[in-house]
Amino acid sequence: MRKSMIYSALFACLMAFAACGGDDDSPGGGNAAGQVSCSPTELTFIANGGEQSVMVNANREWMAFASADWITVSPKNSTEKTATLTVKVAENGTYDDREGTVTVKAGETRQVINVRQPGIPKPAVDPDMKVPEGYVIDWYDEFTGISLGPDWTYEVKNAGWVNSEKQNYVNGNGVTEVSNGTLKINCKKVDGKIYSARIYANKKNGWKYGWVEARIKLPKGSGTWPAFWMMPVNESDGWPTCGEIDIMEEVGNHPNYTSSSIHCNSYNHTKGTQKTAERLTPGAEDEFHVYALEWTENYIQTYVDGNPLLHFDNDGAGNKNTWPFAKEFYVILNLAWGGTWGGAGGIDESALPVTMEVDYVRVFKKK
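The numbering scheme is per chain: residues are counted from 1 as the chain's sequence reads. Residues qualify for local features only when their pLDDT is at least 70, as the model is predicted, and side-chain atom pairs are given and counted only at 80 or more; totals for whole chains, interfaces and linings, by contrast, use all residues. The basis for every side-chain value is the complete set of non-hydrogen atoms in the structure, without hydrogens or water.

**As for the sheet that holds strand E19 (residues 244-249)**
At least two DSSP bridges between two strands are required for those strands to pair. Each helix corresponds to a stretch of at least 4 residues labelled H or I by DSSP, and each strand to a stretch of at least 2 residues labelled E; elements are numbered beginning at the N terminus. Strand order in the open sheet made by the seven strands is E11-E16-E25-E18-E19-E20-E21, with antiparallel pairing throughout. Each of the sheet's edge strands pairs with one partner strand only, and the pair in question is strand E11 (152-154) and strand E21 (275-280). Averaged over all pairs of adjacent strands, the angle between their axes in this sheet comes to 15 degrees, without regard to strand direction. The pairing of strand E18 (residues 224-232) with E19 spans four bridges and is antiparallel. Within the sheet, the bridge partner assigned to Phe-228 lies in E19 and is Met-248. Helix axes are fitted only over the stretch in contact, all axes being lines through C-alpha atoms; the angle between N-to-C directions runs from 0 to 180 degrees.

This is the structure in structure tokens:
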């Protein structure tokens, strides 16, 4: 009688011990496998980004994590067996589609949610675009959207950074605006400071040779100094050895006279040897005109409305002091205020705010 009672008690303890070491669906329990399911498991967002909800069902505590920094999840973990997971995606500011994942894990079990997002649409090509003979379009911005495309970057520098200019180059404060099919670069005075924009197209990669053109209406007023020009992707030689191509410049104290220049170690304005050509462009400050560069391995030629302006030949010596133009350059648009040239004839702050308006920028390459 006593032995049977002992055996019964021992059996009960063993059973209890087995139960303690068995499956446990509670958070942090011993069920390492776990169970989790999500609905939906495929999410597609628009380029502007946004958020979507996913229903999570799990038999224990679960956690969620994203594969890319443009995807965020909330909550990142939960003890709720049925819960809503919010997946948020940032704006895709590129032209490229992208894909990522969100993984929900319960114990050792995982459920993967695929996340897809298209890039922003490329601007439409103008059906009336005139392509120079022997060339094909390679890159363009027609400014048909509501903001600058992803290939543009801003320079951010304080007044006095270059050429003793008075403006602060910023990204914001209304210095650029894309509307009604044009880009506006605005130079303005706010709380006693002058603000404007200097923007770069394809600065990382640039172009080597080709036809580069823009259709621009210039600002009015003494102190303005708008420019459409190019600098090399690799500037390690320092200026002027690295080279510079000025497709169009104008200063408000010499209105409607547009110029083109090249600068290099042998030919630059600090020595008074720069190669420059200037011409009266009637109505340059009242209407749009086309400023273009044809750049080959043999010569540089600029144009205003199809009429030749500056011509500069490669001397063929293979000397970077006279021809540093056998490498990639990127496009620059900027509106300076004052400075060594823009302010040489005086500055009229009553002219502010002023605007440089750009209809398009196009880069063509040889067929």
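**Focus on the pairing of strand E1 (residues 36-39)**
Covered by surrounding structure in E1 are Val-36 and Cys-38 only, the residues Ser-37 and Ser-39 on the alternate face being uncovered. Judged from the four bridges that link them, E1 and strand E3 (residues 50-58) form a sheet pairing that is antiparallel. Each bridged residue has a counterpart across the sheet, and for Cys-38 the counterpart in E3 is Val-56. Buried means the residue's accessible area, taken with a 1.4 Å probe over protein chains only, is under 20% of the maximum for its type, while exposed means over 50%, and partly exposed covers the values in between.

**Considerations on the pattern of salt bridges**
We define a salt bridge as a contact between a side-chain nitrogen of Lys or Arg and a carboxyl oxygen of Asp or Glu at a distance within 4 Å. According to the stated counting rule, one finds twelve salt bridges in the structure shown. A salt bridge links Glu-349 to Lys-189, with the nearest nitrogen and oxygen atoms 2.6 Å apart. With Glu-349 in the loop between helix H2 (339-342) and strand E26 (354-366) and Lys-189 in strand E14 (residues 182-190), this pair connects stretches of sequence that are 160 residues apart. The class of Glu-349 is partly exposed, set by a relative accessible area of 40%. The residue Asp-237 makes a salt bridge to Lys-320 at a minimum N-O spacing of 3.3 Å. Taken as a pair, Asp-237 in the loop between E18 and E19 and Lys-320 in the loop between strand E24 (307-313) and strand E25 (329-337) lie far apart in primary sequence, 83 residues in all. Judged by relative accessible area, which is 35%, Asp-237 ranks as partly exposed. Judged by relative accessible area, Lys-320 falls into the partly exposed class, the value being 43%. Here the residues in one salt-bridge network are Glu-42, Glu-99 and Arg-116, joined through shared partners.

**Overview of unusual backbone geometry**
For the bond running from Trp-239 to Pro-240, omega is 5 degrees, close enough to zero to count as cis. Going from Leu-352 to Pro-353, the amide bond is cis rather than trans, its omega being 0 degrees. You can see Pro-353 is positioned in the loop between H2 and E26.

**Considerations on the nonpolar core**
In plain words, nonpolar cores are sets of buried Ala, Val, Leu, Ile, Met, Phe, Trp, Tyr and Cys residues tied together by side-chain atoms within 4.5 Å. Core analysis: the largest hydrophobic core is formed by 50 residues, its most contacted members being Ile-216, Phe-228 and Leu-333. Beyond its immediate stretch of four places on either side in the chain, Ile-216 contacts Phe-228, Met-248, Glu-287, Phe-288, His-289, Tyr-291, Leu-333, Met-356, Glu-357 and Val-358. Contacts: residue pairs with any heavy atoms within 4.5 Å of one another.

**Comments concerning the side chain of Asp-359**
Take Asp-359: it is sitting in strand E26. The exposure class assigned to Asp-359 is buried, which follows from its relative accessible area of 19%. Contact partners of Asp-359, with chain neighbours within four places excluded, come to Glu-142, Phe-143, Gly-181, Thr-182, Arg-215 and Phe-288.

**Considerations on the packing of aromatic side chains**
Working definition: a ring pair exists when centres of Phe, Tyr or Trp rings (six-membered ring for Trp) sit within 6.5 Å. Plane angles under 30 degrees give stacked, over 60 give edge-to-face, the rest tilted. One pass over the structure, following the stated rule, counts 15 aromatic pairs. Between Tyr-135 and Trp-211, the aromatic rings sit 6.0 Å apart at their centres with planes inclined by 65 degrees, giving edge-to-face as the arrangement. Within this pair, whereas Tyr-135 is found in strand E10 (residues 135-141), its partner Trp-211 is found in strand E17 (residues 210-217), the two being separated by 76 residues in sequence. Geometrically, the ring pair formed by Trp-139 and Trp-207 is tilted, given 5.5 Å between the ring centres and 55 degrees between the ring planes. Taken together, the positions of Trp-139 in strand E10 and Trp-207 in the loop between strand E16 (198-201) and E17 put the pair 68 residues apart, joining distant regions of the chain. Exposure remark for Trp-139: the relative accessible area of 10% places this residue in the buried category. By way of ring pairs, the aromatic residues Tyr-209, Tyr-267, Trp-295, Phe-312, Trp-323, Phe-325 and Phe-329 are connected into one cluster. The positively charged end of Lys-275 is found above the aromatic ring belonging to Tyr-267, 4.7 Å away from the centroid. Lying over the aromatic face of Tyr-360, Arg-362 brings its terminal NZ or CZ to 3.5 Å of the ring centre. A ring has a charge above it when a Lys NZ or an Arg CZ is no more than 6 Å from the ring centre and no more than 35 degrees off the ring normal.

Honestly, it's all geometry; don't read function into it.
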